[in-house]
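What follows is the residue order along each chain.
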Amino acid sequence: MNALKLQDPFQDPDHANDNAASDTEANEEAGHDRISAILEELSKQWDVTEQALKRIDDRSYGLCISCGKEIGEERLRVNPAAERCVTCESMT
Ligand SMILES: [Zn+2]
């Protein structure tokens, strides 16, 4: 009996909100914008990742695309798709 009561959303005073409908609409709108932003970010990440995979293929992975020096293991661990060393990245 207690378990059933817990499953009933109307038992939760937070759900008994008169503005629930309009709030949900606003949240969906915000959610859409957020998803667009995430998709944009993902497609950027995808490009960068693809480039990194190409560099693994031609064995230039881990080398800075600007100065050609090693990017460094620590930086690659944080950002495996890093294209530039810290020095060059800070100049862009
Ligand atoms: Zn560099």
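Check the entry above for the structure.
Computed from a predicted model, the values in this text were never measured in an experiment.

Basis of the calculations
Residues numbered from 1 in each chain as written. Predicted model: local features only at pLDDT ≥ 70, side-chain atom pairs only at ≥ 80, totals over all residues. Heavy atoms only, no water. Helix = DSSP H or I, 4+ residues; strand = E, 2+ residues; numbered from the N terminus. Buried < 20%, exposed > 50% of the residue type's maximum accessible area, 1.4 Å probe, protein only. Contact = heavy atoms within 4.5 Å. Areas by Shrake-Rupley, 256 points an atom, 1.4 Å probe, with all protein chains shown as cover. Core = buried A, V, L, I, M, F, W, Y, C linked by side-chain atoms within 4.5 Å. Donors = N, O, S within 2.8 Å, 3.2 Å for Na, K, Ca; no water. Tetrahedral: all angles 85-135°; square planar, octahedral: opposite > 155°, others 65-115°.

S.K.: Describe in detail the overall build of the protein chain, supporting the description with residues and values.
M.R.: A tally of regular secondary structure across the protein chain gives 4 helices and 0 strands. Beginning at the N terminus, the succession of helices and strands in the protein chain can be written as α-α-α-α. Put simply, the protein chain has 92 residues, and 11% of those count as buried. Sequence separation of 24 or more characterises 17% of the internal contacts of the protein chain that already satisfy a separation of 6 or more. Split by element, the accessible area of the protein chain, about 7,900 Å² in all, is 53% carbon and sulfur.

S.K.: Break down the nonpolar core for me, citing the residues and quoting the values.
M.R.: Counting residues in hydrophobic clusters, the biggest one holds 6 residues: Cys64, Ile71, Leu76, Ala82, Cys85 and Cys88. Residue contacts for Leu76: discarding those within four places in its chain leaves Tyr61, Gly62, Ile71 and Ala82.

S.K.: Mind laying out the coordination of the zinc ion, listing which residues take part and the relevant values?
M.R.: For a metal bound by four donors in tetrahedral geometry, the ideal donor-metal-donor angle is 109.5 degrees, whereas six donors in octahedral geometry ideally sit at 90 or 180 degrees. Ligation of the zinc ion by protein atoms is provided by Cys64 (SG), Cys67 (SG), Cys85 (SG) and Cys88 (SG), these donors lying 2.3 Å from the ion. Each of the 4 donor atoms around the zinc ion contributes to a set of angles spanning 104 to 119°, which defines the coordination as tetrahedral. Considered as a linear motif, the donors of the zinc ion on their single chain read C-x2-C-x17-C-x2-C. Look at Cys64 and you get buried, because its relative accessible area is 4%. The class of Cys67 is partly exposed, set by a relative accessible area of 39%.

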